[in-house]
Amino acid sequence: MNIKAALIQANQKLKRNNIFSHKLDSEILMSNLLKKEREYVILNLNKNLSNSQLISYRKLINERSRGKPIGYLVGKKEFWKHEFYIEEGVLIPRPDTEVIIEQVLELSKNKSKLKVLEVGIGSGCILLSF
């Protein structure tokens, strides 16, 4: 089976399971599996997958279809200007949390020293983003 056919099947399964970002998620999981950028996946739709790759991909799609977050499946999440490695049990940084970073930087841009304390709330991405 080629990448295109695998993506079509994955999109259909994720969509049936009410995963709103089914197209994006299927491409992210494929790129993670192949250890390539998402652009590679899109530009190489006719490339054939090995049986082991297809089995691994279907497993990832099954987990995502049951609602497991992409961050846990790929083991990382981009936040602000960095990539954070995460695992189950760690709160996944949310895109709307980036607003906190923006607001603090805006409020503190005229101050020479900024002190931030982030305690027990997840990956530490807020503190590390300053």
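Values in this document were obtained by computation on a predicted structure and should not be read as measured data.

Conventions adopted
- Within every chain, residues take consecutive numbers counted from 1 along the sequence as written.
- The predicted origin of the model limits local features to residues at a pLDDT of at least 70 and limits the giving and counting of side-chain atom pairs to 80 or more, whereas totals for whole chains, interfaces and linings rest on all residues.
- Note: side-chain values were computed over all heavy atoms of the structure, leaving out hydrogens and water.
- To form a nonpolar core, buried Ala, Val, Leu, Ile, Met, Phe, Trp, Tyr and Cys residues must be joined to one another through side-chain atoms within 4.5 Å.
- Buried, partly exposed and exposed residues are distinguished by accessible area as a fraction of the type maximum, computed with a 1.4 Å probe on protein chains only: under 20%, between the cut-offs, and over 50%, respectively.
- Secondary structure elements follow DSSP: runs of H or I of four or more residues count as helices, runs of E of two or more count as strands, with numbering from the N terminus.
- We call two residues contacting when some pair of their heavy atoms lies within 4.5 Å.
- In this scheme, a helix's expected span is set at 1.5 Å multiplied by one less than its residue total.
- Points on a 1 Å grid over protein atoms alone make up a cavity when a 1.4 Å probe fits among them but cannot get out, and a pocket when they form an open set with protein on both sides within 12 Å along at least five of seven lines; lining residues each have an atom within 4 Å of a point.
- Grid points are joined across faces, edges and corners, and a volume is the space filled by probe spheres set on the points.
- Patches draw on residues past 30% relative accessible area with no salt bridge. Two like charges within 9 Å are joined, as are two nonpolar side chains (Val, Leu, Ile, Met, Phe, Trp, Tyr) within 5 Å.
- Exposure was quantified through the Shrake-Rupley algorithm and a 1.4 Å probe, taking into account, for residues, occlusion by the shown protein chains and nothing else.
- Salt bridge, as used here, is a side-chain nitrogen of Lys or Arg placed within 4 Å of a carboxyl oxygen of Asp or Glu.

Draft legend 1. Summary view of the nonpolar core. Grouped together as the largest cluster of nonpolar side chains are 19 residues, with contacts concentrated most on Ile3, Leu29, Met30, Leu49 and Tyr57. Within the residue set of this core, elements represented by two or more residues are helix H1 (3–16), helix H2 (22–34), helix H4 (51–65) and helix H5 (70–74). Of the residues forming this core, the biggest block, five residues, is contributed by H1. For Leu29, the residues in contact, after removing those within four places along its chain, are Tyr57, Leu60, Ile61, Arg64, Ile70, Leu73 and Val74. Judged by nonpolar contacts, the second largest core, of five residues, contains Phe79, Phe84, Cys125 and Ile126.

Draft legend 2. The environment of Leu105, seen in detail. Note that Leu105 resides in helix H6 (residues 98–107). When near neighbours in sequence (up to four residues on either side) are disregarded, Leu105 contacts Trp80 and Phe130.

Draft legend 3. Broad picture of H2. Over its 13 residues, H2 runs 18 Å from end to end, which matches the ideal 18 Å to within 8%, given 1.5 Å per residue. Among the residues of H2, His22, Asp25, Ser26, Glu27, Leu29, Met30, Ser31, Leu33 and Leu34 are the ones counted as buried. Directly beyond the C-terminal end of H2, a positive phi value near 55 degrees is found at Lys35.

Draft legend 4. Structural context of the layout of surface pockets. Counted as a void, the largest pocket has a volume near 670 Å³. For the largest pocket, the lining is made up of 19 residues, of which Ile28, Ile70, Val74, Lys76 and Glu78 are closest to its centre. At the level of elements, H2, H5 and strand E1 (76–79) are the ones that each hand at least two residues to the lining of the largest pocket. Broken down by element, the residue count for the lining of the largest pocket peaks at five residues, all from H2.

Draft legend 5. Examining H4 more closely. A rise of 1.5 Å per residue sets the reference length of H4, with its 15 residues, at 21 Å; its end C-alpha atoms lie 21 Å apart and thus fit the reference within 8%. Of all the residues in H4, the buried ones are Leu54, Tyr57, Leu60, Ile61, Glu63, Arg64 and Ser65. Where H4 is buried, its residues meet H1, H2 and H5. Just beyond H4, the residue with positive phi is Gly67, at close to 100 degrees.

Draft legend 6. Summary view of a nonpolar patch on the surface. On the surface, a nonpolar cluster with roughly 230 Å² of combined accessible area is contributed by Leu105, Leu114 and Phe130. Tracing the backbone through its elements, the reader meets Phe130 in the segment after helix H7 (125–128). Residue Phe130 is classed as partly exposed on the basis of its relative accessible area, which comes to 32%.

Draft legend 7. Structural view of the environment of Glu78. Checked against the element boundaries, Glu78 lands in strand E1. Judged by relative accessible area, which is 60%, Glu78 ranks as exposed. For the pair Glu78 and Arg94, spaced 16 residues apart in sequence, the C-alpha to C-alpha distance is 9.2 Å. Contact partners of Glu78, with chain neighbours within four places excluded, come to Glu83 and Glu98.

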